[in-house]
Amino acid sequence: MSTITYAQKTATIKGKIKNESNEAIEGATIAIIGSTKGTISDKSGSFSIQVPANQDVSIGISFLGYSPITEKFHLEENQTFIYNKEIQKLSTKIEEFEFKDEKERIGTMVKIQPNLASGFISSSGSFEAILKTLPGVSSNNELSSQYSVRGGNYDENLIYVNDIEIFRPFLIRSGQQEGLSFINSDLVSDISFSAGGFDAKYGDKMASVLDIKYREPDKFSGSSTLSLQGGQFNFGGASKNHRFTFLNGVRYKTNRYVLSSLDTDGNYQPSFYDIQTYLTYDISEKWEIGFLGNVAQNQYKFIPTTRKTEFGTINEALQLSVFFEGQEVDQFSTYFGAVSNTYRPKDNVELKLISSFFASQEDEKYDIEGAYRIDELERDLSKETFGDVKFNRGVGSFLNHARNRLDATIFNLEHKGKIISNKHTTFWGVKYQREMIVDKISEWGIIDSTGYLTPHSSDSVGYTNPNAQPIQLLELNELLKSKINISSNRYSGYLQRTWKWESEDSTAFSFSFGTRANYWDFNNEFIFSPRSSFSIKPNWKHDYLFRLSGGVYYQPPFYREMRNFDGSINSSIKSQISYQAILGADHNFKAWGRPFKFTAEAYYKLMDNVIPYEIDNVRIRYYAKNNAKAYTYGTDFKINGEFVKDVESWFSVSFMKTEEDLFDDYYYDYYNSDGEKIVPGYTVNYKAVDSVKIEPGYIPRPSDQRINASLYFQDYIPKLPSLRMHIALYYGMGLPFGPTNTHERYKHTFRMPDYRRVDLGFSYHLKSEKKEFKGSNPIKYFKNIWISAEVFNLLQINNVISYQWIEDVSGRRYAVPNYLTSRQINVKLHMEF
């Protein structure tokens, strides 16, 4: 039986929580509303909680998927009250606010309702799409599940499913290759997210943590979803004695329909599918074993034919036309398995032993030849040829080749535990991780501009003496050739304690302190990472809570951070360091008689040993050396609530600045005899007579998105609540960019156009638990059926994800934008049984 006590004049409430089928509910939250005190029911549904005596006390009971209950009590000192309660399954009424559990509010993690995540509209269809509407989280690529948090890159985010860290493929270059996210939203029971300042019990990353729990079904159920982008099917259940539970999901995705709206025409053949299973078995009342498995096969085949992209300015309107030959075939296969043992020798003690295995086999093959021409367009509005080609700026061709193969194997063995006492909770854990990486790279590219290969060695045009000419070598625009085999071991551990108490005036306090340690035998580096957080909930008339958190956050390098542009490995690379401080507050209030919540946070990060990087689409290329320092600061705001009765909507806005200073990034500006700065491709007199050394200092990081805002809004017709509308709006200030493959970060100070996008969806509930169908109608066998129509990129905005750089023989380079998807329509059918 779960019990909680505290020192003052008290009474006791105890009993059992069951559902309408008279089945015990384990894990239900029983809490004193307005206080941090609470407990959970055990496997038999039993609970016991001590409450203040001789005063009115409100007790709240909540459990995922069931209607929350609130009950008032007024008990005498030392009185014991037996309170057995039956909780009811939630109806299909439009989502309500769930019971606010104070113990979650005081921490650094934010709860997200799983039903909102599974029904969220996005062209990627990934679980992570809903995260991109949260404050501090940004993404300028609707095709990808990757996201940036408070100036960090994609590799700085931690993801856990059932306490097991999840890894991503390594060779992904673009969102259209990415395939399925690991997380199956239909299997999720609990979602927690932190944008920074998270506890020591989470791993060593600098940006964020996403903590997912898969559900353990209590009876047979399932669902199926079909759409123009694929489909998925899942089912789960439990044995009669509830000792064995199973949960299985199968997904298939093809974004061929969405990719057809890209600038490059061709034959897109993406095919992504995965199978997941989560099994649990109770060996005894105290010992449970579980298995989480996943097999994913992601194949991307692309045969490009033509591309036509208009770019430039009003005064210089240009058009790039490309004709392709060849194809790209990518195969990403991942295998994951984890076995967990959970032992509870006492009600307040939990011990876990987790072993997991991850294997990724990635093949990237392409041979693509392109012949291109750059034309200037007629911009005189008075001419009939406005918008047509005025004259040709140049022609050229390129050939890109790759035969890349990467095999990654990661094995983990971890023990973690916790002890819950009256006033504090202690967490601890130790972990061993074995990593084996085999990477074979064979990649090169040639650019032939107006008959000349670039880079182009100097020679004499029209020479008469061949013997006087230098030997002409074939210089490749890009060449990567390497074979790498790395094996290493990591050892880590953490210890954390959290205290909760109340003052005499019922002001609630919470303080958490912990530390992590990590050792990697590849570079013999030992790191020590202290972290803490403090929260206070004053006993005011209005409901406010204030939080302060921070610490030293290290990010030990993984394989991608170690690999340089030329494919070599830096074996002496060290961990990046981030000193963080976060000050936050939230306010629960009511407007129009409905609940709302306002959240605000300000943060500052000071980083050292930074590994600079460049980003192209979703491909991150590191400089593989700790040669920079950086800082990030910003503020996040969010308001969420029932703008429309019984449905939750929210608005988020973030302001952020992040810059870095590379220690060795000086360069020279050269000037001719006329005092003009020499610019290749533009300056006629390119003979240098003078030079000036330039040290750029702090420059914007690739994730420097100064303003980011998002809105998710839901509505319905009052007399027809089965018909719903949901809209998602995104705005992100333009990200920095610069020439690729130059190894010169100081040139990456241009800005992409701002990212703007609107997705609109309509859904209709054909069947719910309130809608009864009788007779032979097959719909009666389903609990819920709804159909939806979604319009992606409603306003048909051409958002830019990256640039393709085209060079002519004079050295002038053109940045040609790579646009994301245009307006598309999706239809979806969802059925639950």
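First, a word on scope: everything that follows refers to the structure included in this document.

With that settled, the discussion passes to the overall build of the chain. Scanning the chain for helices and strands turns up 4 helices and 48 strands. Here the chain has a C-alpha radius of gyration of 29 Å; the compact-globule value for 833 residues is 28 Å, and the two agree. Looking at the chain as a whole, 54% of its 833 residues qualify as buried. A sequence separation of at least 24 residues applies to 67% of the contacts in the chain between residues at least 6 apart. Total accessible area on the chain is roughly 37,000 Å²; 55% of this is exposed by carbon and sulfur atoms. Computed over 95 positive and 100 negative side-chain charges, the separation of the two mean positions in the chain equals 5 Å.

Sheet strands pair by backbone hydrogen bonding; their relative direction is either parallel or antiparallel. The 5 strands lie next to each other as 10-15-16-13-14, forming an open sheet whose pairing is mixed. Where the open sheet ends on each side, the last strands, each with one partner, are strand 10 (110–112) and strand 14 (164–165). Two elements, strand 13 (residues 157–161) and strand 16 (residues 208–214), share 5 bridges in a ladder whose sense is parallel. Looking across to strand 16, one finds that isoleucine 159 is bridged to leucine 210.

A word on the pattern of salt bridges. According to the stated counting rule, one finds 37 salt bridges in the structure shown. The salt bridge involving lysine 431 is made with glutamate 165; its shortest N-O contact spans 3.3 Å. With lysine 431 in strand 25 (residues 424–449) and glutamate 165 in strand 14, this pair connects stretches of sequence that are 266 residues apart. With respect to burial, lysine 431 and glutamate 165 carry one shared label: buried. Notably, a salt bridge pairs glutamate 443 with arginine 619, separated by 3.9 Å at the nearest N-O pair. Linking glutamate 443 in strand 25 with arginine 619 in strand 34 (residues 619–622), this pair joins segments that are 176 residues apart in sequence. In this pair, the class of glutamate 443 matches that of arginine 619, namely buried. Through salt bridges with shared partners, one network takes in Arg150, Arg547, Asp586, Glu601 and Asp636.

The sheet built from 4 strands is open, its strands ordered 4-3-6-7 with antiparallel pairing. Across the chains shown, the open sheet's two edge strands, defined by having one partner strand only, are strand 4 (38–40) and strand 7 (69–74). Averaged over all adjacent pairs, the angle separating strand axes in this sheet is 20°, with direction ignored. One ladder, built from 3 bridges, connects strand 3 (residues 29–32) with strand 4; its direction is antiparallel. Note on strand 4: the bridge partner recorded for threonine 29 is isoleucine 40.

Turning our attention to the environment of lysine 747. With respect to the element layout, lysine 747 can be found in the loop between strand 42 (736–737) and strand 43 (750–751). Distance in space between the C-alpha atoms of lysine 747 and glutamine 327 is 32 Å, their sequence separation being 420 residues. Polar side-chain contacts of lysine 747 include one of 2.8 Å to the side chain of glutamate 744.

All right, on to the pairing of strand 32 (residues 594–610) then. In this structure, strand 31 (residues 576–591) lies alongside strand 32, joined through 15 bridges in antiparallel fashion. Its bridge partner lying in strand 32, serine 578 is registered against methionine 607. Connecting the antiparallel pair strand 31 and strand 32 is a turn made up of 2 residues, with tryptophan 592 showing a positive phi of about 55°. Relative to strand 35 (residues 628–644), strand 32 runs antiparallel, the two being bridged by 13 bridges. When the sheet's bridge partners are listed, methionine 607 is paired in strand 35 with alanine 630.

Moving on to the nonpolar core. Proteins that are soluble and globular tend to have nonpolar side chains buried together. Formed by 71 residues in total, the largest nonpolar core has its most connected members in Ile183, Phe193, Leu210, Ile212 and Tyr214. Once you skip the residues sitting within four places of it in the chain, tyrosine 214 turns out to touch Val161, Asn162, Phe182, Ile183, Asn184, Leu187, Val188, Ser189, Gln276, Tyr278 and Leu292. Grouped together as the second largest cluster of nonpolar side chains are 19 residues, Ala11, Ala28, Ile32 and Tyr66 included.

Judged by side-chain polarity, Leu228, Tyr257, Leu766, Ile787, Ile825 and Val827 come together as a nonpolar surface patch covering roughly 470 Å² of accessible area. Along the polypeptide, leucine 766 turns up in strand 44 (residues 755–767). On the basis of relative accessible area, leucine 766 is assigned to the partly exposed category, the value being 35%.

Take the packing of aromatic side chains next. Overall, the coordinates contain 42 aromatic pairs when judged by the stated rule. Ring plane angle 70° and centroid distance 6.4 Å describe the contact between tyrosine 147 and phenylalanine 193, whose orientation is recorded as edge-to-face. You can see tyrosine 147 sitting in the loop between strand 11 (137–138) and strand 12 (148–149) and its partner phenylalanine 193 sitting in strand 15 (residues 188–194), a full 46 residues away along the chain. Relative to phenylalanine 358, the ring of phenylalanine 167 lies with its centre 5.6 Å away and its plane at 40°, an arrangement referred to as tilted. Here phenylalanine 358 lies in strand 23 (residues 349–377) and phenylalanine 167 lies in the loop between strand 14 and strand 15, a separation of 191 residues in the sequence. Given the relative accessible area of 5%, phenylalanine 358 is considered buried. The ring centre of phenylalanine 427 lies 4.3 Å from the NZ or CZ of lysine 201, which sits over that ring.

Once that is clear, we can look at unusual backbone geometry. For asparagine 54, which is not a glycine, the phi torsion comes out positive at approximately 60°. Relative to the elements of secondary structure, asparagine 54 occurs in the loop between strand 5 (46–52) and strand 6 (56–62). Its identity as a non-glycine residue notwithstanding, asparagine 524 has a phi of 55°, on the positive side. Inspection of the secondary structure assignment puts asparagine 524 in the loop between strand 28 (508–520) and strand 29 (525–537). Looking at asparagine 524, the relative accessible area reads 54%, which means it is exposed.

Summarising the sheet, strand 27 (residues 478–502) and strand 28 pair through 13 bridges and their orientation is antiparallel. In the strand pairing of strand 28, tryptophan 499 is matched with phenylalanine 511. Connecting strand 27 to the next strand, strand 28, in antiparallel fashion are 5 residues, including serine 506 with a positive phi near 70°. Sheet topology places strand 28 next to strand 29; 13 bridges connect them, and they run antiparallel. Residue phenylalanine 513 lies in a different strand from strand 29, and its bridge partner there is serine 532. Joining the antiparallel neighbours strand 28 and strand 29 is a turn of 4 residues, in which asparagine 524 adopts a positive phi near 55°.

Cut-off values and rules
- Residues numbered from 1 in each chain as written.
- Predicted model: local features only at pLDDT ≥ 70, side-chain atom pairs only at ≥ 80, totals over all residues.
- Heavy atoms only, no water.
- Helix = DSSP H or I, 4+ residues; strand = E, 2+ residues; numbered from the N terminus.
- Rg over C-alpha atoms; globule rule 2.2 N^0.38 Å.
- Buried < 20%, exposed > 50% of the residue type's maximum accessible area, 1.4 Å probe, protein only.
- Contact = heavy atoms within 4.5 Å.
- Areas by Shrake-Rupley, 256 points an atom, 1.4 Å probe, with all protein chains shown as cover.
- Lys, Arg positive; Asp, Glu negative; His and termini not counted.
- Charge placed at Lys NZ, Arg CZ, Asp CG, Glu CD.
- Pairing = 2+ DSSP bridges.
- Salt bridge = Lys/Arg side-chain N within 4 Å of Asp/Glu carboxyl O.
- Axes fitted to C-alpha atoms, helices over the stretch in contact; angles between N-to-C directions.
- Polar contact = N/O pair within 3.5 Å; in protein donor to acceptor, adjacent residues only side chain to side chain.
- Core = buried A, V, L, I, M, F, W, Y, C linked by side-chain atoms within 4.5 Å.
- Patch = residues over 30% accessible without salt bridge, like charges linked within 9 Å, V, L, I, M, F, W, Y side chains within 5 Å.
- Phe/Tyr/Trp six-rings, centres within 6.5 Å; stacked < 30°, edge-to-face > 60°.
- Lys NZ or Arg CZ within 6 Å of the ring centre and 35° of its normal.

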